[in-house]
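So the chains spell out like this:
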Amino acid sequence: MTVAEEAEKYGLHRVGARPSLVEYLKQTWSRREFIYELAKSRVQAQNERNRLGMVWVVLKPTFNALMYGFIFGILQGGRKAEDFPVFVVIGVFLFEFFTTSMNGGAKSITGNTALVQSLAFPRLSLPVAQVTQNFLTLIPMLVIMFVYSMILGTSPKWTWIMVLPLVGIFSIFNMGVALICARITVHVRDFTNLLPLISRVLFYTSGVLFSVDRILSQWPWLVTAFDYHPLYQTLQIARAMIMDDASYDPVAWLVVSMWAVAALVTGLIYFWKAEERYGRAD
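I will try to describe carefully the structure that is included in this document. Everything numeric in this text was worked out from a predicted model, so none of it was measured.

Criteria and thresholds
Residues numbered from 1 in each chain as written. Predicted model: local features only at pLDDT ≥ 70, side-chain atom pairs only at ≥ 80, totals over all residues. Heavy atoms only, no water. Helix = DSSP H or I, 4+ residues; strand = E, 2+ residues; numbered from the N terminus. Buried < 20%, exposed > 50% of the residue type's maximum accessible area, 1.4 Å probe, protein only. Contact = heavy atoms within 4.5 Å. Areas by Shrake-Rupley, 256 points an atom, 1.4 Å probe, with all protein chains shown as cover. Lys, Arg positive; Asp, Glu negative; His and termini not counted. Charge placed at Lys NZ, Arg CZ, Asp CG, Glu CD. Axes fitted to C-alpha atoms, helices over the stretch in contact; angles between N-to-C directions. Parallel < 35°, antiparallel > 145°, perpendicular 65-115°, else oblique. Left-handed = near helix turned anticlockwise from the far one by under 90°. Nonpolar A, V, L, I, M, F, W, Y, C, P; charged D, E, K, R; others polar. Core = buried A, V, L, I, M, F, W, Y, C linked by side-chain atoms within 4.5 Å. Phe/Tyr/Trp six-rings, centres within 6.5 Å; stacked < 30°, edge-to-face > 60°. Lys NZ or Arg CZ within 6 Å of the ring centre and 35° of its normal.

Quick word on the overall build of the protein
Okay, so step 1: A tally of helices and strands in the protein yields 13 helices and 0 strands.
Okay, so step 2: Ordering the α and β elements of the protein from the N terminus gives α-α-α-α-α-α-α-α-α-α-α-α-α.
Okay, so step 3: The dimensions of the protein, computed from C-alpha atoms along their principal axes, are 80 × 45 × 40 Å.
Okay, so step 4: Residues classed as buried in the protein amount to 46% of the 282 residues present.
Okay, so step 5: Pairs at least 24 residues apart make up 80% of the contacts formed inside the protein by residues separated by at least 6 positions.
Okay, so step 6: In the structure as shown, the protein presents an accessible area of about 14900 Å², 65% of it carried by carbon and sulfur atoms.
Okay, so step 7: Separation between the mean location of the 24 positive side-chain charges and that of the 19 negative ones in the protein comes to 6 Å.

Rendered as structure tokens:
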């Protein structure tokens, strides 16, 4: 009997060995309180570093909406979307959740090297805590988004409640993206230098600031392609739920749900496969 077989017989496992995926998820779930407390403490620490505290969380997307809305409103002229101010506010506020999850998730392992190398715990906890942190930050942003919508002339309606399950699906999608980016950054540290560019490209090509039907009407095939764009369809559903005259194809719910499940499953497996590498000093 080999040493490995003898160790297995007595339930001994190699330090840092990757558990099965099911066991890995169980271990992560057992640390859910740690994940939540880590996310909450980071939100509090972030607010304490800023003189304006939580107010800055809302001011940042507000300033972005004002700046980009003004510039792109002029550039688009008569082709801009109906109720353009509300259109932009919804797009900018929700996209902020995506980009902070992607960027924060990418740095969740490499930015916590000391923690990863000194303590034994499923590394999945770190990107999950990052997306949880961003979700906690999103809550006051959603409240302000609804307030801005009313100030800009949108009437409250029961469909506003549907934004909650949409955010839940969007969170699952963001989790998958964060997991994928977290592992890529471990292998390719320079990936973090590309993230701002990737974020900008997605920001300008996901319908955050423009109506696809109006701006791309000369390219019907491209408009059709946006029917399968997860970020664009998420924004379209949110706008249809909040704005007075906005409409959408109900199939969009299926599109964003399928993207969310695919991203999460892919991200989990991709991240789990490299679990043994996350604690290494290289």
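Some thoughts on the environment of F93
Okay, so step 1: By secondary structure assignment, the location of F93 is in helix α5 (residues 84-106).
Okay, so step 2: F93 sits 52 residues away from M145 along the chain, and the two C-alpha atoms are 7.1 Å apart.
Okay, so step 3: With residues near it in sequence (within four places) discarded, F93 still touches V58, P61, T62, L138, M141, I144, M145 and Y148.

Focus on the side chain of T137
Okay, so step 1: Its location among the elements puts T137 in helix α7 (residues 125-151).
Okay, so step 2: Taking the relative accessible area as the measure of exposure, T137 reaches 13% and is therefore buried.
Okay, so step 3: What T137 contacts, discounting residues up to four positions off in sequence, is V43 and V57.

Comments concerning the packing of helix α3 (residues 32-49) against α7
Okay, so step 1: The N-to-C vectors of α3 and α7 enclose an angle of 50 degrees; their axes lie 8 Å apart at closest approach. Taken together, the axes of α3 and α7 are oblique relative to one another. Here α3 runs over α7; the crossing is right-handed. For the pair α3 and α7, the contacting residues are F34, I35, Y36, L38, A39, K40, R42, V43 and Q46 in the first and S125, L126, V128, A129, Q130, T132, Q133, L136 and T137 in the second.
Okay, so step 2: Of the residues assigned to the contact of α3 with α7, the class counts are 10 nonpolar, 6 polar and 2 charged.

So, the nonpolar core
Okay, so step 1: Membership of the largest hydrophobic core comes to 50 residues, with the highest contact counts inside it found for I90, L94, F98, M145 and F173.
Okay, so step 2: At the level of secondary structure, the elements contributing two or more residues to this core comprise α4 (54-76), α5, α7, α8 (163-187), α9 (191-205), α12 (230-242) and α13 (251-273).
Okay, so step 3: In contact with F173, not counting residues within four places along its chain, are F98, P230, L231, W259, A260 and A263.

Looking at the packing of helix α2 (residues 21-30) against α13
Helix packing for two helices is described by the angle between their axes and how far apart those axes are.
Okay, so step 1: Axis separation between α2 and α13 bottoms out at 11 Å; the angle between their running directions is 95 degrees. Put simply, α2 runs roughly perpendicular to α13. Contacts from L21, Y24 and L25 in α2 reach L268, I269, F271 and W272 in α13.
Okay, so step 2: Residues that form the contact of α2 with α13 fall into these classes: 7 nonpolar, no polar and no charged.

Quick word on the packing of aromatic side chains
Okay, so step 1: Counted under the stated rule, the structure contains 15 aromatic pairs.
Okay, so step 2: For the ring pair F173 and W259, a centre distance of 6.5 Å and an interplane angle of 85 degrees mean the geometry is edge-to-face. Of this pair, F173 sits in helix α8 while W259 sits in helix α13, and the two are 86 residues apart along the sequence.
Okay, so step 3: A relative accessible area of 9% places F173 in the buried class.
Okay, so step 4: Three or more aromatic residues link up through ring pairs in this structure, and these residues are Y68, F72, F95, F98, F173, F203, Y204 and W259.
Okay, so step 5: Lying across the ring of Y270, R183 places its NZ or CZ 4.2 Å from the centre.
Okay, so step 6: R200 extends its terminal NZ or CZ atom over the ring of F203, reaching a point 4.8 Å from the ring centre.

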